[in-house]
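Residues per chain, in single letters:
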Amino acid sequence: MGEPIEQVENGVQMMAAALRQDPQALETAWGSVITFDSNARVAVPLEELGSFQAPSLQASGTTSLGAALELVATEAQNNKSSGDYKPMVFIMTDGMPTDTWEDGLSKFNSGKWSAKVGCAVNDANHDVLQQVAGECVV
């Protein structure tokens, strides 16, 4: 709630703005936002970067990271359009998972990702993010 979720929202906006400055990204990148509190849901379906609008985020309930990881894997599989499709995943969180996140991690790890980046805000659990994203945690 408050400043932590605002930092996550700002991170999404800054990432989209930075990508729009890259001509190659403008031609090739797509964006989507999956939110997770008590539930995981697609807040912004996959769309071309030029059309992508960062959503307003609201924090409520718990932190269902496992459900989010599972949904990310499912969405990536459903949106695969070619054999070389390998999405980058940025996981931005301001908390500690409250679900059995390891179950979702198993499905997430079965995906083919070009990069996985964990973005910790305030008191987010760095150990959990390292298990999800490897050494790429900021």
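Scroll up to find the structure this text is about.
These figures come from a predicted structure and were not determined experimentally.

Calculation notes
- Residues numbered from 1 in each chain as written.
- Predicted model: local features only at pLDDT ≥ 70, side-chain atom pairs only at ≥ 80, totals over all residues.
- Heavy atoms only, no water.
- Helix = DSSP H or I, 4+ residues; strand = E, 2+ residues; numbered from the N terminus.
- Buried < 20%, exposed > 50% of the residue type's maximum accessible area, 1.4 Å probe, protein only.
- Lys, Arg positive; Asp, Glu negative; His and termini not counted.
- Salt bridge = Lys/Arg side-chain N within 4 Å of Asp/Glu carboxyl O.
- Contact = heavy atoms within 4.5 Å.
- Phe/Tyr/Trp six-rings, centres within 6.5 Å; stacked < 30°, edge-to-face > 60°.
- Arc of directions from axis to C-beta.
- Core = buried A, V, L, I, M, F, W, Y, C linked by side-chain atoms within 4.5 Å.
- Expected span 1.5 Å × (residues − 1).
- Pairing = 2+ DSSP bridges.

So, on to the side chain of glutamate 9. Take glutamate 9: it is sitting in helix α1 (residues 3-20). Buried within the structure, glutamate 9 lacks any salt-bridge partner; its nearest side chain of opposite charge belongs to arginine 41, at an N-O separation of 12 Å. Those residues in contact with glutamate 9 that lie beyond four places of it in its chain are Pro55, Ser56 and Leu57.

Let us now look at the packing of aromatic side chains. Two descriptors summarise a pair of aromatic rings, namely the distance from one centre to the other and the angle between the planes of the rings. Here the structure, examined in full by the defined rule, presents one aromatic pair. With a centroid separation of 4.8 Å and an interplanar angle of 20°, the aromatic rings of phenylalanine 108 and tryptophan 113 are classed as stacked. On the accessibility criterion, tryptophan 113 (15% relative accessible area) is buried.

Along helix α5 (residues 126-133), the residues that are buried comprise Val128, Leu129, Val132 and Ala133. Seen end-on, α5 carries its buried residues on one side only, within an arc spanning 115°. Buried residues in α5 make contact with α3 (65-78), β3 (88-93), α4 (101-109) and β4 (115-120).

One finds Leu65, Leu69, Ile91, Phe108 and Val132 to be the most contacted residues of the largest nonpolar core, which totals 19 residues. Counting residues per element, this core draws most heavily on α3, which supplies six residues. Leucine 65 has contacts with Phe36, Ile91, Pro97, Asp99, Trp101, Val128 and Val132, leaving out every residue within four places of it along the chain. Ile5, Leu57, Met92 and Cys119 belong to the second largest nonpolar core, which has twelve residues in total.

Once that is clear, we can look at α3. The terminal C-alpha atoms of α3 lie 20 Å apart, and with 14 residues this matches the ideal 20 Å at 1.5 Å per residue to within 8%. Within α3, the full set of buried residues consists of Leu65, Gly66, Ala68, Leu69, Leu71, Val72, Ala73 and Ala76. Where α3 is buried, its residues meet β1 (30-36), β2 (40-48), β3, α4 and α5.

On to the pattern of salt bridges, then. According to the stated counting rule, one finds one salt bridge in the structure shown. Salt-bridge contacts for arginine 41 lead to aspartate 37; the nearest nitrogen and oxygen are separated by 3.0 Å. On the accessibility criterion, aspartate 37 (8% relative accessible area) is buried.

Once that is clear, we can look at the pairing of β3. A regular strand places its side chains on the two faces of the sheet in alternate fashion. Where β3 meets β4, six bridges bridge the pair, whose relative direction is parallel. Looking at β4, one finds that methionine 88 is bridged to alanine 115.

In this section: the environment of leucine 65. As for its position among the elements, leucine 65 is in helix α3. Given a relative accessible area of 4%, leucine 65 falls into the buried group. For leucine 65 and methionine 96, which are 31 residues apart along the polypeptide, the C-alpha to C-alpha distance reads 8.4 Å.

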